[in-house]
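# Survey of secondary and tertiary structure
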Amino acid sequence: DNARTDIDHTTTLQNHTSMITGRPVTGETGHQWTDNGNPKLGQNLHRNRNQYLASVFDVAHDHGLKTALYGSKTKFSLYDLSYDGQRGAPDRTGPDNGRDKIDVCMVSGATISLVDKLVAELKGDQPPRFAMLHLSNPDSAGHDSGWNLKSKSGDYMKSIATVDGLIGRVLEAVESTERLRGRTAILVTA
């Protein structure tokens, strides 16, 4: 209930990169990604670290599983840039599934559209077997109006209610889809 990817680094890209690579931010084994903005031309995780950084996308994809990323901040394009058909590692596990480790990638600030796309994929003929969904509503509301749960505007609490509803739609899609019901693990981080 109180797990942390890296207790010393709390920004979006640092923590999410730790989540997908299993590495701390800094130190000898760290992924070394400390920027929290949109990647600049030519930047990717491997170039920054001077070595390939395998991720959960590599593991799933190289075992023949469809992967997906739905990111609500444009900075998440870093992952598609790092694990695309040119910079992803060769697949040396079983049949060659290619270097592009993220099969479906949608990066948009429109969280409702992201969830619409994910739900459609989940209910489709070939749902992703590993999907990462990032919903920025509470983070954005907190930056804009403060993280005060009792603020007069109530923007932060409204954003939490919105995300609760969006997560509910994903859960409903899983529960209403025979091949996913009882076979799907969902991890929620905040």
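Residues numbered from 1 in each chain as written. Predicted model: local features only at pLDDT ≥ 70, side-chain atom pairs only at ≥ 80, totals over all residues. Heavy atoms only, no water.

### Overview of the pairing of strand β2 (residues 104-107)
Bridge analysis of strand β1 (residues 67-71) against β2 gives 4 bridges, and the strand direction is parallel. The residue bridging G71 from the neighbouring strand is V107, located in β2. Handedness of the crossover joining β1 and β2 through helix α4 (residues 77-82) is recorded here as right-handed. (Pairing = 2+ DSSP bridges. Helix = DSSP H or I, 4+ residues; strand = E, 2+ residues; numbered from the N terminus. Right-handed = clockwise from strand over helix to strand, strands pointing away.)

### Quick notes on the nonpolar core
Side chains of a nonpolar character, in soluble globular proteins, are inclined to be buried together. Membership of the largest hydrophobic core comes to 15 residues, with the highest contact counts inside it found for Y70, V115, L118, L122, L135 and V170. Secondary structure elements with two or more residues in this core: β1, α5 (111-123) and α7 (155-175). The residues contacting L118, other than those within four sequence positions of it, are Y70, A131, L133 and V170. W33, L53, F76 and L78 belong to the second largest nonpolar core, which has 13 residues in total. (Core = buried A, V, L, I, M, F, W, Y, C linked by side-chain atoms within 4.5 Å. Buried < 20%, exposed > 50% of the residue type's maximum accessible area, 1.4 Å probe, protein only. Contact = heavy atoms within 4.5 Å.)

### A closer look at the pattern of salt bridges
Between side chains of opposite charge, a pair can form as their charged atoms come close. Taken as a whole and judged by the stated rule, the model has 7 salt bridges. K66 is the partner of E121 in a salt bridge, and the nearest nitrogen-oxygen pair spans 2.8 Å. Taken together, the residues span a long stretch of sequence, with E121 in helix α5 and K66 in the loop between α3 (56-62) and β1 at a distance of 55 residues. Where R87 meets D84, a salt bridge forms, and the shortest distance between an N and an O atom there is 2.6 Å. By relative accessible area, R87 is classed as partly exposed at 27%. The class for D84 is buried, based on a relative accessible area of 15%. Look at the salt bridges and you will find they share partners, linking K66, K117 and E121 into a network. (Salt bridge = Lys/Arg side-chain N within 4 Å of Asp/Glu carboxyl O.)

### Thoughts on the sheet that holds strand β3 (residues 130-133)
The strand order across the open sheet formed by 3 strands is β2-β1-β3, and the pairing between neighbours is parallel. The open sheet has two edge strands, β2 and β3, and neither has a second partner. Strand-to-strand twist in this sheet, taken as the mean axis angle between neighbours without regard to direction, amounts to 5 degrees. (Axes fitted to C-alpha atoms, helices over the stretch in contact; angles between N-to-C directions.)

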